[in-house]
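Descriptive analysis of the structure
If you want the building blocks of each chain, they are given just below.
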Amino acid sequence: MKKQGCDIEAIGINYTIYTQKRENPFKIFSKNHHQKCSRGVQDLHEVKELEKGSIPKVRHVLKDVNCRAKVGEILAIVGPSGAGKSSFLEILAGKIEPQNGSIFVNQKPVDKARFKKFSGYVTQKDTLFPLLTVEETLSFSAKLRLRLPGTELRSRVKSLIQELGLEHVSGSRIGDDRIRGISGGERRRVSIGVELIHDPGVLILDEPTSGLDSTSALQIIDMLKTMAVTRSRTIILSIHQPCYRIMKLFNSILLLANGTTLHHGTIEQLSLRLMLMGLQLPLHVNILEFAIESIDTIQKQNHTTPQSALMIKNSGKFTLEQLFQQSKLIDEDLSMSIHVGNDFPSGFANSRLQEIVILTVRFWKIIYRTKELFGCKTLQMLVSGLVLGSVFYNLEDNLVGAQARVGLFAFILTYLLSSTTEALPIFLQEREILMKETSCGSYRVSSYAIANGIVYLPFLLILALLFSVPLYWLVGLNKQFTAFMHFLLLIWLILYTANSVVVCCSALVPNFIIGNSLVCGMMGSCALFSGYFVSKNEIPNYWIVMHYISLFKYPFEGFLINEFSGSGKCLQYMFGMCLARGDQVLKEEGYGGEESRRKNLLIIVCFILLYRFISYVILRIRCSQGGFKNILISR
């Protein structure tokens, strides 16, 4: 019977980036992990120009790196900071493209789309929803990635929780720096579990022990070792300076420094190499720590003359390169009997409708449990409706009351459209998880965009009701019930428009500070050109376009038409005769009547769809390009 698994081999990996002194804050296409604008160097002539300083400088992150990871074993990539460990892992995982080199799975060129289906990649940072429980996190991941009945899904989740040793915290929330939850080691296990839920043949981990104490770190590596042996997994991980007990669990190591390979083989082979160089291991220092401290010496030895290398060989010893080549020849026959299982679907695990339902349920759980967004926002809307209603209580039907109503409508718009940035951090957090989940083919970006749009509709309707009911009847606005329903609809659409703008900005900006500035700037300009502070006739011609694209213009007109058009209100009497009716005032001010009611609603809906579509396009670009290659942005 053939042994299932994946034998991974990387040959001649080269990766170079451009570094810049100044960064563009709106790096839609650049990879956040490197925090640099970068792209590949195309030829030697370009490299020379870079080094002369005519264009940004080049940095060789990886130089001709080779490695082999075998089934049922752990390959540890070690080295000092800046050695290229994370970049090499991202290349193996298919997140970024090297300029040169090849990656083989079972001696065949890697198919990235398929490789992502039977592999898992755990980043150094835990990207999890803090308000979901451990069991919910793994359950949603299973639903999105597996084509299994509900009973089998639940069984697999429980089995994985037991395998990860998380039974005692399965019902606890993940938590983060602000929300109390499980411990750092347990959170790390959940991140690993998310990538193990589909039973991958290859698991790649970037610094799985980072930030953990020695006991938790040992437990993580010991768990990975058990999984590698019992489930025939190929595990590749990076680690900075492991302790002796962790080091003994590694089957082979790849020692990197300044992007070059200093050693690839077993710990014993590294010890032999250091002995041949005449280096004596000090007491109470493990071999890897000593090797990292001796990097300069090892690099000099790598440039040994052929004559001296021949002397070492003739004396019955082998150089590192010869040991590696020998190891490859010995294992050549093993990889022939290894194949990848066929139980991984080539497409998405669920239909688009199923993805939307799963994501909508997950979003709703997060919104419901976010006290700042759900509890505080609902209280805020109710209190603000009561306060505004008491301030503008029982306005009279005359010119003074009409002016007060116009001021009230302007304030409502300014208040509702400008107090929307509290959801920005949630959207930014969701974006990180979205890019991680879609990169491995869990679901479609369009399903996320639709689910994100659907889940806020009932929540915003509740807020609109809490705000509108006390405000409308305390002020004494148009007493027709149809007018109240239209007012409620406008409030709902205004809240949804603001939500759509924040979603769009969160897809574009890198952090909360820039996002907050962008949203406030947009809302301020929309208020300025709405026609309330400066009338349409007084706006300069070169700014008139801003009037027509203002988010304030159409709901503001909708409020005025709903209040004064067709209400029969007389705003001014003289000698028992009506001199000014609401309809007349609207026409004099340039606002339409009943015929404009539906037009304004339609335009507001179009604004919502436009911002939602723009956010989808940006997210699609980020997920399809930003996660896999780096593009140089002009300085």
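Residues numbered from 1 in each chain as written. Predicted model: local features only at pLDDT ≥ 70, side-chain atom pairs only at ≥ 80, totals over all residues. Heavy atoms only, no water.

**What to know about the overall build of the chain**
- Helix and strand content of the chain: 25 helices and 14 strands.
- Among the 635 residues that make up the chain, the fraction classed as buried is 53%.
- Surface summary for the chain: the accessible area is close to 29,600 Å², and the carbon and sulfur share equals 58%. (Helix = DSSP H or I, 4+ residues; strand = E, 2+ residues; numbered from the N terminus. Buried < 20%, exposed > 50% of the residue type's maximum accessible area, 1.4 Å probe, protein only. Areas by Shrake-Rupley, 256 points an atom, 1.4 Å probe, with all protein chains shown as cover.)

**Description of the pairing of strand β11 (residues 260–265)**
- The pairing of strand β10 (residues 252–257) with β11 spans five bridges and is antiparallel. Counted as the bridge partner of Ala 257 is Thr 260 from β11. (Pairing = 2+ DSSP bridges.)

**Considering helix α7 (residues 214–230)**
- The first and last C-alpha atoms of α7 sit 24 Å apart over 17 residues, in line with the 24 Å expected at 1.5 Å per residue.
- Along α7, the positions that sit buried rather than exposed are Ser 216, Ala 217, Leu 218, Ile 220, Ile 221, Met 223, Leu 224, Lys 225, Met 227 and Ala 228.
- Summarising the contacts, the buried residues of α7 are in contact with β4 (74–78), α5 (150–164), α6 (184–196), β8 (202–206), β9 (234–238) and α8 (244–247).
- The N-terminus of α7 is capped by Asp 213, whose side-chain oxygen sits 3.0 Å from the backbone nitrogen of Thr 215.
- Among the residues trailing α7, Ser 232 stands out with phi positive, at a value near 55 degrees. (Expected span 1.5 Å × (residues − 1). Contact = heavy atoms within 4.5 Å. Polar contact = N/O pair within 3.5 Å; in protein donor to acceptor, adjacent residues only side chain to side chain.)

**So, unusual backbone geometry**
- A positive phi angle, close to 50 degrees, is found at Asp 64, a residue other than glycine.
- Inspection of the secondary structure puts Asp 64 in strand β3 (residues 57–69).
- Taking relative accessible area as the criterion, Asp 64 reaches 51% and is therefore assigned exposed.
- Unlike most non-glycine residues, Asp 199 shows phi in positive territory, near 55 degrees.
- In this fold, Asp 199 is placed in the loop between α6 and β8.
- According to the relative accessible area criterion, Asp 199 is partly exposed, its value standing at 31%.

**Comments concerning the environment of His 264**
- The topology assignment puts His 264 in strand β11.
- Residue classification places His 264 among the buried positions, given a relative accessible area of 6%.
- When the C-alpha atoms of His 264 and Asn 66 are compared, they prove to be 8.2 Å apart, with 198 residues separating the residues in sequence.
- Separated by 2.9 Å, the side chain of His 264 and the backbone nitrogen of Arg 68 make a polar contact.
- A polar contact is formed between the side chain of His 264 and the backbone oxygen of Ile 253, at a distance of 3.2 Å.

**Side note on a nonpolar patch on the surface**
- Side chains of Leu 379, Val 383, Val 387 and Val 391 sit close together on the surface and give an oily, nonpolar patch of about 360 Å² of accessible area.
- Following the sequence through the fold, Val 383 ends up in helix α16 (residues 375–391).
- Judged by relative accessible area, Val 383 falls into the partly exposed class, the value being 41%. (Patch = residues over 30% accessible without salt bridge, like charges linked within 9 Å, V, L, I, M, F, W, Y side chains within 5 Å. Salt bridge = Lys/Arg side-chain N within 4 Å of Asp/Glu carboxyl O.)

**Let's talk about the pairing of β10**
- Among the six residues in β10, six count as buried, and that is most of the element.
- On β10, burial covers both faces: Ser 252, Leu 254 and Leu 256 on one face and Ile 253, Leu 255 and Ala 257 on the other are all buried.
- Of the pairings in the sheet, the one linking β4 to β10 comprises four bridges and is parallel in character. Within β10, the position partnered with Val 78 by the bridge is Leu 255.
- In this structure, the hairpin formed by β10 and β11 is closed by a connection of two residues, where Asn 258 is found at a positive phi of approximately 55 degrees.

**Brief notes about the UniProt feature "transmembrane region" (unreviewed entry) in the chain**
- In the numbering adopted here, UniProt assigns the feature "transmembrane region" (unreviewed entry) to residues 378–395, 407–428, 448–475, 487–509, 515–534 and 601–619.
- A helix fraction of 96% and a strand fraction of 0% characterise residues 487–509, whose end C-alpha atoms lie 33 Å from each other. (UniProt positions renumbered as here; feature names shortened; annotations may be inferred.)

**Description of the packing of aromatic side chains**
- Enumeration according to the criterion identifies 16 aromatic pairs in this entry.
- Relative to Phe 484, the ring of Trp 473 has its centre 5.4 Å away and its plane inclined at 35 degrees; by these criteria the two rings are tilted. With Trp 473 in helix α19 (residues 445–475) and Phe 484 in helix α20 (residues 481–508), the pair connects residues that are eleven residues apart, well separated along the chain.
- Classification of Trp 473 as partly exposed rests on a relative accessible area of 42%.
- For Phe 484, a relative accessible area of 7% gives the class buried.
- Taken together, Phe 409, Tyr 472, Trp 473, Phe 481, Phe 484, Phe 487 and Phe 559 form an aromatic cluster joined through their ring pairs.
- Sitting over the ring of Phe 348, Lys 117 keeps its end group 5.5 Å from the ring centre.
- The ring of Tyr 554 has Lys 553 sitting right over it, with the charged end atom 5.3 Å from the ring centre. (Phe/Tyr/Trp six-rings, centres within 6.5 Å; stacked < 30°, edge-to-face > 60°. Lys NZ or Arg CZ within 6 Å of the ring centre and 35° of its normal.)

**Describing the sheet that holds strand β7 (residues 119–122)**
- If you trace the six strands from one edge of the open sheet to the other, you get β7-β8-β9-β4-β10-β11, paired in mixed fashion. Of all strands in the sheet, those with a lone pairing partner are β7 and β11, marking the two edges. For this sheet, the mean angle separating the axes of adjacent strands, direction not counted, is 15 degrees. (Axes fitted to C-alpha atoms, helices over the stretch in contact; angles between N-to-C directions.)

**Quick notes on the side chain of His 486**
- Following the sequence through the fold, His 486 ends up in helix α20.
- Since its relative accessible area comes to 8%, His 486 is described here as buried.
- Once you skip the residues sitting within four places of it in the chain, His 486 turns out to touch Gly 558, Asn 562, Arg 597 and Leu 601.

**So, the nonpolar core**
- By size, the foremost hydrophobic cluster in this structure holds 86 residues, and its most contacted members are Ile 412, Leu 416, Tyr 456, Phe 467, Phe 487, Ile 491 and Phe 559.
- Here this core gets 17 residues from one element, more than from any other, and that element is α20.
- Each of two domains, domain 1 (59–304) and domain 2 (352–625), supplies a minimum of three residues to this core.
- Beyond its immediate sequence surroundings of up to four residues, Phe 487 is in contact with Phe 409, Ile 412, Ser 468, Leu 471, Tyr 472, Leu 477, Phe 559 and Asn 562. (Core = buried A, V, L, I, M, F, W, Y, C linked by side-chain atoms within 4.5 Å. Domains from an automatic or database assignment.)

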